[in-house]
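Read off the chains here:
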Amino acid sequence: AQSVAQPEDQVNVAEGNPLTVKCTYSVSGNPYLFWYVQYPNRGLQFLLKYITGDNLVKGSYGFEAEFNKSQTSFHLKKPSALVSDSALYFCAVNQAGTALIFGKGTTLSVSS
Amino acid sequence: DTEVTQTPKHLVMGMTNKKSLKCEQHMGHRAMYWYKQKAKKPPELMFVYSYEKLSINESVPSRFSPECPNSSLLNLHLHALQPEDSALYLCASSQDPRGHTSYEQYFGPGTRLTVT
């Protein structure tokens, strides 16, 4: 069965510093991996995805993610955090159908 | 246009009421989804419509009844709900759902439902 894990409930970072939100996955074949962000009282917004090819994927709002097959990880990164990046981030995997499997979510808090 | 719209934004209903949630997209997507989300938790899949036909029902109680009148619209009819059904209900859509799982989903802003 496929699954995705986000080991951190919360990540705190100062504005201007780099940020990383961690995600690991477990699938039996090649995964399709996604990152979504949810701002308070809003729906989820798609940030980026990995399908195949280059292991470094660039997405919206300056975010990028690195696919690492040997470590089964897909960590979300940004070189310089903004206060406006503070939100709830979900990693998700999709392999065997139309049902996305979400991680539990990580709250990112960026302080000024 | 990558927008999914949902109405109403907020809904308060009693346990004996009947109400409906509405969702609309004009991206030509042929898969549409209903999710339930509790605070600070990941969305839980409820239903999937593929080409206007119900393809997945995640063992959702019958007090929730989905409907897909056409390729752009998705409804969720509510009847005799329980207080524990209070949550944010999210609609989403994506391109060709037939085995092409690389497509991202686009989410609406949700309907905040409170059952009293």
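Residues numbered from 1 in each chain as written. Chains lettered and ligands numbered in written order. Predicted model: local features only at pLDDT ≥ 70, side-chain atom pairs only at ≥ 80, totals over all residues. Heavy atoms only, no water.

How would you sum up the packing of aromatic side chains? Please name residues and give values.
To describe a pair of aromatic rings, one takes the distance between the centres and the angle between the planes. Residue and element names in this part refer to chain A. For the structure shown, the criterion picks out 13 aromatic pairs over all chains. Ring plane angle 65° and centroid distance 5.9 Å describe the contact between tyrosine 36 and phenylalanine 46, whose orientation is recorded as edge-to-face. Linking tyrosine 36 in strand S5 (residues 32–38) with phenylalanine 46 in strand S6 (residues 44–50), this pair joins segments that are 10 residues apart in sequence. Arranged with centres 6.5 Å apart and planes meeting at 55°, the rings of tyrosine 50 and phenylalanine 74 form a pair that is tilted. Linking tyrosine 50 in strand S6 with phenylalanine 74 in strand S9 (residues 73–78), this pair joins segments that are 24 residues apart in sequence. (Phe/Tyr/Trp six-rings, centres within 6.5 Å; stacked < 30°, edge-to-face > 60°. Helix = DSSP H or I, 4+ residues; strand = E, 2+ residues; numbered from the N terminus.)

Lay out the nonpolar core in plain terms, naming residues and giving numbers.
Ranked by size, the top nonpolar core spans 28 residues in total, and within it Trp35, Leu47, Leu48, Phe74, Leu76 and Tyr89 of chain A carry the most contacts. Breaking this core down by element, the ones donating at least two residues are strand S2 (10–14), strand S3 (19–21), S5, S6, strand S8 (64–68), S9, strand S10 (87–94) and strand S12 (106–111) of chain A. Looking at this core, the element that brings in the most residues is S10 of chain A, giving 4 residues. Apart from residues no more than four positions distant in its own chain, leucine 48 of chain A is found in contact with Leu33, Phe34, Trp35, Val57, Lys58, Gly59, Phe63, Glu64, Ala65, Phe74 and Leu76 of chain A. By size, the runner-up hydrophobic cluster in this structure holds 23 residues, among which are Met13, Val60, Leu113 and Val115 of chain B. (Core = buried A, V, L, I, M, F, W, Y, C linked by side-chain atoms within 4.5 Å. Buried < 20%, exposed > 50% of the residue type's maximum accessible area, 1.4 Å probe, protein only. Contact = heavy atoms within 4.5 Å.)

So, the state of the cysteines: which residues are in play, and what are the values?
Tallying each qualifying case throughout the model produces 2 disulfides over all chains. Across the disulfide, cysteine 23 of chain A is cross-linked to cysteine 91 of chain A (sulfur-sulfur distance 2.0 Å). Disulfide cysteine 23 of chain A-cysteine 91 of chain A: the torsion about the S-S bond is -65°, which places it as left-handed. You can see cysteine 23 of chain A sitting in the loop between S3 and strand S4 (24–26) and its partner cysteine 91 of chain A sitting in strand S10, a full 68 residues away along the chain. For the pair shown, cysteine 23 of chain A and cysteine 91 of chain A are each scored as buried. One disulfide in the model links cysteine 23 of chain B with cysteine 91 of chain B; its S-S distance is 1.9 Å. Between cysteine 23 of chain B and cysteine 91 of chain B, the S-S torsion sits near -70°, and that sign places the bridge as left-handed. Of this pair, cysteine 23 of chain B sits in strand S3 (residues 18–25) while cysteine 91 of chain B sits in strand S9 (residues 87–94); the two residues are 68 residues apart in sequence, bridging distant segments of the chain. You'll find cysteine 23 of chain B and cysteine 91 of chain B in the same group, each marked buried. Unpaired in this structure, cysteine 68 of chain B has its nearest cysteine sulfur neighbour in cysteine 91 of chain B, at a distance of 9.1 Å. (Disulfide = S-S within 2.5 Å.)

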